[in-house]
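# Inside the fold
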Amino acid sequence: MEYIYFMAPILTFAMTAAITPGPNNIILSTNAVNYGFKETIPLILGVFFGFLSVLSICLLGIGEVYESFPNFKIFIKIVATIFLTYLAYKIFNSSEFSDNSNKKRFTFRDIYFFQLINPKAVSVSMSSSAIFIQNQFSYFEEFVLIFICFTISTSTSAIVWAAIGHSFRKYLNDKRKIIFFNRVMAVLLLGCIFFIIL
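Please read all numbers here as calculations on a predicted model, not as lab measurements.

### Side note on unusual backbone geometry
Backbone geometry at asparagine 135 places phi at a positive 60°, although glycine is not the residue there. Summarising the element assignment, asparagine 135 is placed in the loop between α7 (119-132) and α8 (139-168).

So this is what it looks like as structure tokens:
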């Protein structure tokens, strides 16, 4: 029962952080619109394993190193801005549904390594390690409980956003609509850069 009381606020925080719009959710939704849910599964796994890797790094205390070197934080922000701009450019210029295997798509590796520079993923992970490691239980127990909460939230959010994108496919049934959708999503993705700069 004590574990439930410990996990309840963490799971609330994790679900709120995961389900709100951000780079991952925009990318998953857009990819599912263009290629379908099945083709988005590698990206879902990239978000899942990538974020949990970042979380684990921060829970192990390495996040404090990030905070200790302001220049490194600036470097991460610059790299994240460049990568998000590149992703937005690719999405903006996507003009139709594609089943063409020759067309370059985002991969598991792209999305996994993006998590290492994803400002939302890093800030949520660092906040969690600072707030929720409370020495109420052993360090290992708290690590596992926090990890379980974010496993639930990350997988749920990624699947939901990909499913939302997939459900839009039947409404975006001509080239003009898909171009409009992709360009709106590209602009929203660029909007995430604003929160990086802050």
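Next, the rest of the story.
### Looking at the side chain of threonine 30
Here threonine 30 is to be found in helix α2 (residues 23-35). According to the relative accessible area criterion, threonine 30 is buried, its value standing at 3%. Those residues within four positions of threonine 30 in sequence are excluded, and the remaining contacts are Ile91, Phe181, Asn182 and Met185.

### Points about the environment of valine 33
Residue position: valine 33 is located in helix α2. Spatially, the C-alpha atom of valine 33 lies 8.4 Å from that of isoleucine 178, the residues being 145 residues apart in sequence.

### What to know about the nonpolar core
Core analysis: the largest hydrophobic core is formed by 28 residues, its most contacted members being Ile27, Leu84, Phe106 and Leu189. Among the elements that take part in this core, helix α9 (residues 175-197) stands out by supplying 7 residues, more than any other. Once residues within four sequence positions are removed from consideration, phenylalanine 106 is found in contact with Ile27, Asn31, Leu43, Leu87, Lys90, Ile91 and Ile111. Formed by 19 residues, the second largest nonpolar core is a distinct cluster that contains Ala14, Ala17, Val124 and Phe143.

### Let's talk about the packing of helix α3 (residues 37-59) against α7
α7 packs onto α3 with a crossing angle of 40° between their chain directions and a minimal axis gap of 8 Å. When the interaxial angle is binned, α3 and α7 end up oblique. Where α3 crosses over α7, the handedness of that crossing is right-handed. From α3, Phe51, Val54, Leu55, Cys58 and Leu59 reach across to α7, where they touch Ala121, Val122, Val124, Ser125, Met126, Ser128 and Ser129.

### Comments concerning the packing of aromatic side chains
With the rule as written, the count across this model stands at 11 aromatic pairs. Each ring, one from phenylalanine 13 and one from phenylalanine 150, has its centre 6.4 Å from the other, and the planes form 75°; the classification is edge-to-face. Separated by 137 residues along the polypeptide, phenylalanine 13 in helix α1 (residues 2-19) and phenylalanine 150 in helix α8 bring together distant segments of the chain. Its relative accessible area of 28% is what places phenylalanine 13 among the partly exposed residues. Judged by centre distance (6.1 Å) and plane angle (85°), the rings of phenylalanine 168 and phenylalanine 181 are edge-to-face. Of this pair, phenylalanine 168 sits in helix α8 while phenylalanine 181 sits in helix α9, and the two are 13 residues apart along the sequence. A relative accessible area of 34% means that phenylalanine 168 is categorised as partly exposed. According to the relative accessible area criterion, phenylalanine 181 is buried, its value standing at 10%.

### Observations regarding the confidence of the model for the protein
When the pLDDT values of the protein are averaged, the result is 84; 88% of them are 70 or greater. For the protein, helix α4 (residues 63-68) is the element with the lowest average pLDDT, namely 64, and α3 is the one with the highest, namely 94.

### Notes on α3
Helix length check: α3 (23 residues) gives 32 Å between terminal C-alpha atoms against 33 Å at 1.5 Å per residue, within 8%. Where α3 bends most, the angle comes to about 25°, and this point is leucine 43. Just beyond α3, the residue with positive phi is glycine 61, at close to 95°.

What counts and how
- Residues numbered from 1 in each chain as written.
- Predicted model: local features only at pLDDT ≥ 70, side-chain atom pairs only at ≥ 80, totals over all residues.
- Heavy atoms only, no water.
- Helix = DSSP H or I, 4+ residues; strand = E, 2+ residues; numbered from the N terminus.
- Buried < 20%, exposed > 50% of the residue type's maximum accessible area, 1.4 Å probe, protein only.
- Contact = heavy atoms within 4.5 Å.
- Core = buried A, V, L, I, M, F, W, Y, C linked by side-chain atoms within 4.5 Å.
- Axes fitted to C-alpha atoms, helices over the stretch in contact; angles between N-to-C directions.
- Parallel < 35°, antiparallel > 145°, perpendicular 65-115°, else oblique.
- Left-handed = near helix turned anticlockwise from the far one by under 90°.
- Phe/Tyr/Trp six-rings, centres within 6.5 Å; stacked < 30°, edge-to-face > 60°.
- pLDDT = per-residue confidence, 0-100.
- Expected span 1.5 Å × (residues − 1).
- Bend = angle between axes of the 7 residues up to and from the residue.

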